[in-house]
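Results of the structural survey
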Amino acid sequence: MHGVVFWKTGQGCEWIEGEPAPVFEPRAVSQLVTWQDGRCSSEFLASLPKPGSHLSVATGFGCATIFWLLKNSPEFLKSYDVAGTIQDYVVTMLCGLPRPMMSDQNAASWGYFNTQSQSWNLEVLRASGFPIHLLPDIAEPGSTAGRTSHAWFEIPKGIQVGVAMGDLQASVYSCMGQKTDAVLNISTSVQLAASMPSGFQPPQTPDPTAPVAYFPYFENTYLGVAASLNGGNVLATFVHMLVQWMADLGLEVEESSVYSRMIQAAAQQRDTCLTITPTVLGERHLPDQLASVTRISSSDLSLGHVTRALCRGIVQNLHSMLPFQLLKEWGVKRVLGSGSALSRNEVLKEEVQQAFPLPMSFGQDVDSAVGAALVVLRRNFNQEP
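What counts and what doesn't
- Residues numbered from 1 in each chain as written.
- Predicted model: local features only at pLDDT ≥ 70, side-chain atom pairs only at ≥ 80, totals over all residues.
- Heavy atoms only, no water.
- 1 Å grid on protein atoms, 1.4 Å probe; cavity = no way out; pocket = protein on both sides within 12 Å on 5 of 7 lines; lining within 4 Å.
- Points joined across faces, edges and corners; volume = space filled by probe spheres on them.
- Nonpolar A, V, L, I, M, F, W, Y, C, P; charged D, E, K, R; others polar.
- Pairing = 2+ DSSP bridges.
- Helix = DSSP H or I, 4+ residues; strand = E, 2+ residues; numbered from the N terminus.
- Axes fitted to C-alpha atoms, helices over the stretch in contact; angles between N-to-C directions.
- Contact = heavy atoms within 4.5 Å.
- Parallel < 35°, antiparallel > 145°, perpendicular 65-115°, else oblique.
- Left-handed = near helix turned anticlockwise from the far one by under 90°.
- Buried < 20%, exposed > 50% of the residue type's maximum accessible area, 1.4 Å probe, protein only.

Before going further, it helps to spend a moment on empty space enclosed by the protein. Within the structure shown, the criterion is met by one cavity of 30 Å³ or more. Here the largest cavity defines a volume of roughly 30 Å³. Taken together, Met196, Pro197, Ser198, Gly199, Phe200, Asn220, Thr221 and Tyr222 make up the full set of residues lining the largest cavity. For the lining of the largest cavity, a count of residues per class yields four nonpolar, four polar and no charged.

In structure tokens, the structure reads:
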């Protein structure tokens, strides 16, 4: 949801007749720059104007990427006159809109957006030469962006299309049964989110070193979110390293086999003194932090010890960002666990339960598409006479 794609008004796609229905193909559209983009260094981010928002700006955020392009590739920006997230682009093409509409959820993820005034930091951006004409118009999540201009697969022409929402917010909405639930997702990365108490307002100024961010949710509320860049991707990196080592030794082994065996070994190793800080990708609030291994002894070098320490490190890193005690202060009474890395890793589940001693429910179906559909359905139901 932080990413950005650029296109030319009226030339973003071409509708082509096909079977069983027309499809649209991109035309004057850039490649997508995703949230994982790392071109904005800490030095570059420090050189940017201070945002009039409670949210800091990080690499991969839409406005940060545009600032980087403005400085390093200004000719690229001259080729386009609008921009948005990839989901904003799809909505714009489906409806044939002259300009994209963006929810406050996605706008906040771009940076330089004030969630309380629901407006871009236009004065700050304009003073820095930022191409403000690229910024989308703001709309409420769950509201209607327009209607389909063509039939599209099984969707007829003239059907209402909602404004694109943040994938994190929609995912949380899909499974959060009570406002006292927290949602933990461990997939490639890690997110722990909880609905803030009624009346909560975020700080007025950003704190780049704060590990918890407050993102707009629904109905003028906020989600408190600890979003770690280091999750299942760290385990995948470890597996790949082991496979590469064995290949260097002349042995061939499948990564899937290595993963299952190392989890089995860790499950039998109930504890370890080995400590792994798994931040191989840094964190948004600590971009220059690297991973480390400490308290190494000859008795803690088995595969079980190392894997147990790695899983514990992933969870403890998250806990350092959003401690259990803070969740309790927010009124959280249950944690809903989800995500591919968590669902197939019993060791991670054990470490989560130890770090966050609350009632747990694993295997929740977290689906942003389901959440987005629920938001629109409930909004339309509540508006019916």
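Now for the sheet that holds strand 18 (residues 360-362). With mixed pairing, the six strands of this open sheet are ordered in space as 13-14-12-11-17-18. A single partner strand is all that each edge strand has here, and the edge strands are strand 13 (212-216) and strand 18. Each strand axis lies, on average, 25° off the axis of its neighbour in the sheet, ignoring direction. Contacting strand 11 (181-186), strand 12 (190-195), strand 13, strand 14 (222-228) and strand 17 (334-338), helix 7 (residues 167-175) runs over the sheet at an angle of about 110° to strand 14. Sitting on the sheet, helix 10 (residues 303-321) touches strand 11, strand 12, strand 13 and strand 14, and the angle it makes with strand 14 is about 140°.

Running from amino to carboxyl end, helix 8 (residues 232-248) crosses helix 9 (residues 255-268) at an angle of 115°, the nearest separation of the two axes being 10 Å. On the basis of the axis angle, helix 8 is roughly perpendicular to helix 9. Between helix 8 and helix 9 lies a crossing of right-handed hand. Counting all contacts with helix 8, which are made through Leu235, Phe238, Val239, His240, Leu242, Val243 and Met246, the residues of helix 9 involved are Glu255, Val258, Tyr259 and Met262. When grouped by side-chain class, the residues that make up the contact of helix 8 with helix 9 number nine nonpolar, one polar and one charged.

Time to look at the side chain of histidine 305. Relative to the elements of secondary structure, histidine 305 occurs in helix 10. Judged by relative accessible area, histidine 305 falls into the buried class, the value being 9%. Contact partners of histidine 305, with chain neighbours within four places excluded, come to Gln269, Asp271, Thr272, Leu274, Ser299 and Asp300.

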